[in-house]
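# Geometric and topological summary
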Amino acid sequence: MGFQIIEGVIQPARWVPSPNYSARPDVDDISLLVIHNISLPPGEFGGGFVEDFFQNQLDTAADPYFAQIAHLQVSAHCFIDRQGRLTQCVNLRERAWHAGVSEFAGRANCNDYSIGIELEGTDDLAFSPQQYVTLAQLTACIQTVYPAISQERIVGHSDIAPGRKTDPGPGFDWAYFYHQLAAVQI
């Protein structure tokens, strides 16, 4: 499956809009891709809770952990589930609230100039082959639209918020991802 980006919207991604975004200071300054992982409840997959969380609609009665995070207003541009299905939550031209306090190459506030992709997973579990295929295809498409995102500017959340964040963690196989990315035909 190939992707196409039209005015910041990825086709054919499923659209589940998040209210947790703001305008970028400079829409022409998108130059970093940040890979995250998320599972809600922690260590569990499916159930639609990630989308609910990004929409500020997390049901605190569904799991005790949700009461600890329901007040947070976070999002990512994209979410890739265990089956490799892509959901877009924020237009790529907007600033998703995914990085928090962050810095890359001496520049703070990574949300201002980055695209955030959440993979359904945990730091320590392997990600699915389908997730790598979708992530590689999406990354290649993003790089054609935003050429400042070189391979050196594809990072994990842990790279831009060391000591505070650990994702995507040791369960993410960077070498395998780069191999998949090199094989993508645009």
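From a predicted model like this one, the values you see are computed outputs, not experimental measurements. (Residues numbered from 1 in each chain as written. Predicted model: local features only at pLDDT ≥ 70, side-chain atom pairs only at ≥ 80, totals over all residues. Heavy atoms only, no water.)

## Thoughts on the overall build of the protein chain
Across its full length, the protein chain carries five helices and twelve strands. Against the 2.2 N^0.38 benchmark of 16 Å for 186 residues, the protein chain shows a C-alpha radius of gyration of 15 Å, consistent with a compact globule. The C-alpha extent of the protein chain, read off along each of the three principal axes, is 45 × 35 × 35 Å. Out of the 186 residues belonging to the protein chain, those deemed buried represent 51%. Only carbon and sulfur atoms are counted for the fraction: they give 51% of the accessible area of the protein chain, which is about 8,600 Å². (Helix = DSSP H or I, 4+ residues; strand = E, 2+ residues; numbered from the N terminus. Rg over C-alpha atoms; globule rule 2.2 N^0.38 Å. Buried < 20%, exposed > 50% of the residue type's maximum accessible area, 1.4 Å probe, protein only. Areas by Shrake-Rupley, 256 points an atom, 1.4 Å probe, with all protein chains shown as cover.)

## Some points on the sheet that holds strand β12 (residues 154-156)
Pairing in this open sheet of six strands is mixed, and the strands run β3-β7-β6-β11-β5-β12 from one edge to the other. What marks the edges here is a single partner per strand, and that holds for β3 (14-15) and β12. Alignment of strand β6 (residues 78-80) against strand β7 (residues 86-88), held across three bridges, turns out to be antiparallel. Each residue of the ladder has a partner; that of cysteine 78, found in β7, is glutamine 88. Here helix α3 (residues 129-145) sits on the sheet in contact with β5 (32-38), β6, β7, β11 (114-120) and β12, set at roughly 170° to β11. Its contacts with the sheet put helix α5 (residues 174-183) on β5 and β12, and the angle it makes with β12 is roughly 155°. (Pairing = 2+ DSSP bridges. Contact = heavy atoms within 4.5 Å. Axes fitted to C-alpha atoms, helices over the stretch in contact; angles between N-to-C directions.)

## Observations concerning the packing of α3 against α5
Two elements in contact, α3 and α5, have axes whose closest approach is 8 Å; the angle formed by their N-to-C orientations is 55°. In terms of axis orientation, α3 runs oblique to α5. As for how α3 packs across α5, the hand of that crossing is right-handed. Here α3 contributes Tyr132, Val133, Leu135, Ala136, Thr139, Ala140 and Gln143 to the contact with α5, which in turn contributes Tyr176, Phe177, Gln180 and Leu181. Broken down by class, the residue content of the contact of α3 with α5 amounts to eight nonpolar, three polar and no charged. (Parallel < 35°, antiparallel > 145°, perpendicular 65-115°, else oblique. Left-handed = near helix turned anticlockwise from the far one by under 90°. Nonpolar A, V, L, I, M, F, W, Y, C, P; charged D, E, K, R; others polar.)

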